[in-house]
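So the chains spell out like this:
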Amino acid sequence: DTEVTQTPKHLVMGMTNKKSLKCEQHMGHRAMYWYKQKAKKPPELMFVYSYEKLSINESVPSRFSPECPNSSLLNLHLHALQPEDSALYLCASSQEWTAQSGANVLTFGAGSRLTVL
Amino acid sequence: GDSVTQMEGPVTLSEEAFLTINCTYTATGYPSLFWYVQYPGEGLQLLLKATKADDKGSNKGFEATYRKETTSFHLEKGSVQVSDSAVYFCALSGKTGANNLFFGTGTRLTVIP
């Protein structure tokens, strides 16, 4: 299995809703990432988990709450979002987070397209 | 800090034309370099990579050579197809301990029959 699976593919939510995005990989990767991609822009890193511990939080607002319940799963809990949070949310994984041995390639999921009304 | 500068798009080519998308980088040390492709409505897929100077990455007819002297990693393909229409992102991964990818702004390619 060489895939990163993201659910749901599409999500529409109101500003008072609570929802979650899910990401799963079975490649034995120990690093998992959340990226946010606005229309016609490159992906921007939000969070990195390494061995199920949060290693990087790129100053993301607290209305986004990541969770890594085990080495195969990564969630992004959403609460009280704003319309400007509408974007494609990409999950990725790699063998390791540190890159000293060379290029650890990130494998991306297809993304969850979020619309906040 | 580390950064990637990518040629502005969009690029429109006829089928079988030659493609070049320019990418230059700024980084401390010797980063690894990547090209990712994003087809409409999908996530990113790794197209090719190079981890050291003079390495050539290649895949599906695309090539890019890691040029340390010009800090460049230009993407080329000799004969594009309609199915190559997508957004192409150049990216680098610094070797300073973290495997974060820094992406360029992306170049949208449209190939017309």
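Up top is the structure these notes are about.
Residues numbered from 1 in each chain as written. Chains lettered and ligands numbered in written order. Predicted model: local features only at pLDDT ≥ 70, side-chain atom pairs only at ≥ 80, totals over all residues. Heavy atoms only, no water.

Chemist: How do you make sense of the interface of chain B and chain A when you look at a structure like this?
Modeler: Often, the extent of an interface is quoted as the loss of accessible area on bringing the components together. Contacts between the two partners involve 23 residues from chain B, matched on the other side by 25 residues from chain A. Summing the contributions of chain B and of chain A, the shared interface buries around 1700 Å²; its carbon and sulfur component is 59%. Scanning the region where chain B abuts chain A turns up 0 salt bridges. Taken together, the links from chain B to chain A amount to 3 residue pairs in polar contact (both at pLDDT 80 or more). For the side of chain B that touches chain A, the secondary-structure elements that each account for two or more residues are strand E5 (32-38), strand E6 (44-50), strand E10 (86-93) and strand E11 (101-103) of chain B. When residues of the side of chain B that touches chain A are assigned to their parent elements, the largest contribution, 4 residues, is made by E5 of chain B. Residue composition of the side of chain B that touches chain A, grouped by class: 8 nonpolar, 12 polar and 3 charged. (Contact = heavy atoms within 4.5 Å. Buried area = accessible area lost by both parts, 1.4 Å probe. Salt bridge = Lys/Arg side-chain N within 4 Å of Asp/Glu carboxyl O. Polar contact = N/O pair within 3.5 Å; in protein donor to acceptor, adjacent residues only side chain to side chain. Helix = DSSP H or I, 4+ residues; strand = E, 2+ residues; numbered from the N terminus. Nonpolar A, V, L, I, M, F, W, Y, C, P; charged D, E, K, R; others polar.)

Chemist: I'm lost on the sheet that holds strand E8 (residues 62-65) of chain B in this one. Help?
Modeler: Each strand in a sheet pairs with another by means of backbone hydrogen bonds, the pair being arranged parallel or else antiparallel. Residues and elements named next belong to chain B. Taken in spatial order, the 4 strands make up an open sheet running E3-E9-E8-E7, and their pairing is antiparallel. A strand with exactly one partner marks an edge of an open sheet, and here the two such strands are strand E3 (19-21) and strand E7 (56-59). For this sheet the average axis-to-axis angle between neighbouring strands, irrespective of direction, equals 15 degrees. Relative to strand E9 (residues 75-77), E3 runs antiparallel, the two being bridged by 3 bridges. In the strand pairing of E9, leucine 19 is matched with lysine 77. (Pairing = 2+ DSSP bridges. Axes fitted to C-alpha atoms, helices over the stretch in contact; angles between N-to-C directions.)

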